[in-house]
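# Structural overview for review
Letter by letter, the chains look like this.
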Amino acid sequence: MKPDSDKLIQLGKWLFWLDAAVWLTFGIWSMVRIRNGGVGSPATLWVIAILMLGNVAAFLWCSWAIQKQPGWYRFTIIAILAVNIILTFTDQFGIFDFLTLLLDVILLGIMLILHQRRSNQWL
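Residues numbered from 1 in each chain as written. Predicted model: local features only at pLDDT ≥ 70, side-chain atom pairs only at ≥ 80, totals over all residues. Heavy atoms only, no water.

What follows covers the packing of helix α2 (residues 42-65) against helix α3 (residues 71-88). Two numbers describe how α2 lies on α3: the axes approach to 10 Å, and their chain directions differ by 145°. The handedness of the crossing between α2 and α3 is left-handed. Taken together, the residues of α3 that come into contact with α2 (itself represented by Asn55, Ala58, Phe59, Trp61, Cys62, Trp64 and Ala65) are Trp72, Tyr73, Thr76, Ile77, Ile80, Leu81 and Asn84. (Axes fitted to C-alpha atoms, helices over the stretch in contact; angles between N-to-C directions. Helix = DSSP H or I, 4+ residues; strand = E, 2+ residues; numbered from the N terminus. Left-handed = near helix turned anticlockwise from the far one by under 90°. Contact = heavy atoms within 4.5 Å.)

Below, the discussion takes up the packing of aromatic side chains. What characterises a pair of aromatic rings is the spacing of the ring centres plus the angle enclosed by the ring planes. By the definition in use, this model includes 10 aromatic pairs. Their ring planes at 80° and their centres at 4.8 Å tell us that Trp14 and Trp17 sit as a pair that is edge-to-face. Linking Trp14 with Trp17, this pair stays in helix α1 (residues 3-35), spanning three residues, or about one helical turn. Taking the relative accessible area as the measure of exposure, Trp14 reaches 54% and is therefore exposed. A connected cluster of aromatic rings, assembled from ring pairs, spans Trp61, Trp64, Trp72 and Tyr73. (Phe/Tyr/Trp six-rings, centres within 6.5 Å; stacked < 30°, edge-to-face > 60°. Buried < 20%, exposed > 50% of the residue type's maximum accessible area, 1.4 Å probe, protein only.)

Along the polypeptide, Gln67 turns up in the loop between α2 and α3. The class for Gln67 is partly exposed, based on a relative accessible area of 33%. When the C-alpha positions of Gln67 and Ile9 are compared, they lie 6.4 Å apart, and in sequence the two are 58 residues distant. Ignoring anything within four residues of it in the chain, the contact list for Gln67 reads Ile9, Lys13 and Arg118.

It is worth spelling out the nonpolar core at this point. One finds Phe16, Phe59, Ile66, Ile77, Leu81, Met111 and Leu114 to be the most contacted residues of the largest nonpolar core, which totals 24 residues. Those elements that place two or more of their residues in this core are α1, α2, α3 and α4 (95-120). At seven residues, the largest contribution of residues to this core is made by α1. Those residues within four positions of Met111 in sequence are excluded, and the remaining contacts are Ile66, Arg74, Ile77, Ile78 and Leu81. (Core = buried A, V, L, I, M, F, W, Y, C linked by side-chain atoms within 4.5 Å.)

What is shown is where atoms sit, not what they do.
Written out as structure tokens, the structure is:
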């Protein structure tokens, strides 16, 4: 592995942790809103909060998996990022959506660069 790839892996790892922290904050905030009588069906709000916490778990897994060599790890990480990017546009789009979208697009770029470098390393 090239030293610049190691730096990209470390940057990606930190950005995945940041993404997980953002989604954890959103998840906790959503649960507080439910407790305080947020607008909407409580069941729907709970599903959304649980999905946010699932996203936290997915991004923590990605922060671990980015360091691994098998190709299926890279493809799974790219799929997780792609789903997050697509789902960003399925709801109202605000500043927080833009920030998570920007973070996910940067991470997707890092993953695509790492994938290309790892695919060519045996040539």
